[in-house]
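Overview (structure and organization)
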Amino acid sequence: MAKKKKPIKETTIENYYDLKVDKIDELVAALKDETPETAANDLTMYISDCTGDDDRKNYTRSGKKKEFDPYKTDFLGKIPVWIKALFVKWWFAGMVCYFVMFGIASFMNGDTLDELFLTGIVLGLVVEIFVNPLFRFMERDKKEYDSYIMFPFPFKAYWTFFTNILYYIVVVLVMYFGFYLGLNELINYIKGTEGAIAVGVEPLLFGTFTVIADMVFIGIKDLVVHLVKKHSKEKAANV
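Residues numbered from 1 in each chain as written. Predicted model: local features only at pLDDT ≥ 70, side-chain atom pairs only at ≥ 80, totals over all residues. Heavy atoms only, no water.

Description of the packing of aromatic side chains
Throughout the structure, instances matching the rule amount to 16 aromatic pairs. On the numbers, 5.2 Å between centres and 90° between planes, the contact of tyrosine 176 with phenylalanine 177 is edge-to-face. Through pairs of rings, three or more aromatic residues link up here, namely Phe151, Phe153, Trp159, Tyr167, Tyr168 and Phe217. (Phe/Tyr/Trp six-rings, centres within 6.5 Å; stacked < 30°, edge-to-face > 60°.)

Okay, here's the thing in structure tokens:
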């Protein structure tokens, strides 16, 4: 029968982890391009001192030297997630309206329903190929962009390719018949007219209405998922 190994007895923290303090000094000296004997100054954080350049690009507009800060947050990192998410969705929706609805209008013989179906198909493809991957690229481990995606599944879930197309066909139809026609009917009712088109389709308003309709559907989905999870937790707690 094998003998049990005796547990290692801790003595001091230095001996237990075998810290190489001298190696750390050598590393710092190497970063400073100096030897341990000549390393007397603190490690510089100025970009011009690290690169060896002294040109104007290493200075701020006020004349101060630029410092290297590895923890500095960039400009986009300071913008709230909801602003970035809604802007991306709005911009791509407006782009689809401009290139698809305006581009194919002369080839569809004025068939509005066909235009809407084709616009929904293209919008679903754009969201699947560009928007959702862009959100995955910008997100951190918190998955903060999941609240702005209808089907927040990994890229390997290929079935989302088809569900996004079907989903955005519905979004475009609801957006057009619910928002555009509803708004025109309201304006005609106030003016006392009938059948007039007061507000036409254009990219900016199209993008705005599409984002609103999209977020309404996503909000309903998130609410249903939350209620189902809450019911499951309560049922598990009562067992």
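So, next bit.
With respect to unusual backbone geometry
Phi at lysine 143 takes a positive value of approximately 55°, unusual for a residue other than glycine. Among the secondary structure elements, lysine 143 is positioned in the loop between α6 (112-138) and α7 (160-191). (Helix = DSSP H or I, 4+ residues; strand = E, 2+ residues; numbered from the N terminus.)

Observations regarding the confidence of the model for the protein
For any part of a model where pLDDT is low, the fine detail of the predicted coordinates should not be relied upon. Mean pLDDT over the protein stands at 79; residues scoring 70 or higher make up 67%. Ranking the elements of the protein by mean pLDDT puts helix α1 (residues 13-17) last, at 52, and helix α5 (residues 81-104) first, at 93. Note that residues 35-40 has pLDDT below 50 and, in this model, 7 contacts with residues that lie over four places away or in other chains. (pLDDT = per-residue confidence, 0-100. Contact = heavy atoms within 4.5 Å.)

So, helix α8 (residues 203-238)
Note that an α-helix has 3.6 residues per turn; residues three or four places apart therefore point the same way. Helix length check: α8 (36 residues) gives 52 Å between terminal C-alpha atoms against 52 Å at 1.5 Å per residue, within 8%. Of the positions making up α8, those classed as buried are Pro203, Phe206, Gly207, Phe209, Thr210, Val211, Ala213, Asp214, Ile218 and Lys221. Contacts made by the buried residues of α8 are with α5, α6 and α7. Two or three places before leucine 204, at the opening of α8, glutamate 202 has a side-chain oxygen 2.9 Å from that residue's backbone nitrogen. (Expected span 1.5 Å × (residues − 1). Buried < 20%, exposed > 50% of the residue type's maximum accessible area, 1.4 Å probe, protein only. Polar contact = N/O pair within 3.5 Å; in protein donor to acceptor, adjacent residues only side chain to side chain.)

A closer look at a nonpolar patch on the surface
On the surface, Ile212, Val216, Ile220, Val224 and Val228 cluster together into a nonpolar patch covering about 420 Å² of accessible area. By the secondary structure assignment, isoleucine 220 is in helix α8. (Patch = residues over 30% accessible without salt bridge, like charges linked within 9 Å, V, L, I, M, F, W, Y side chains within 5 Å. Areas by Shrake-Rupley, 256 points an atom, 1.4 Å probe, with all protein chains shown as cover. Salt bridge = Lys/Arg side-chain N within 4 Å of Asp/Glu carboxyl O.)

As for the packing of α7 against α8
Packed helices, taken two at a time, are described by the angle between their axes plus the distance between the axes. At their nearest, the axes of α7 and α8 sit 9 Å apart, and the two run at 120° to each other. Judged by the inter-axis angle, α7 sits oblique to α8. Read as a crossing pair, α7 and α8 show a hand that is right-handed. Seen from α7, the contacting residues are Tyr167, Tyr168, Val170, Val171, Val174, Met175, Phe179, Tyr180 and Leu183; seen from α8, they are Leu205, Phe206, Phe209, Thr210, Ile212, Ala213, Asp214, Phe217 and Ile218. Broken down by class, the residue content of the contact of α7 with α8 amounts to 16 nonpolar, 1 polar and 1 charged. (Axes fitted to C-alpha atoms, helices over the stretch in contact; angles between N-to-C directions. Parallel < 35°, antiparallel > 145°, perpendicular 65-115°, else oblique. Left-handed = near helix turned anticlockwise from the far one by under 90°. Nonpolar A, V, L, I, M, F, W, Y, C, P; charged D, E, K, R; others polar.)

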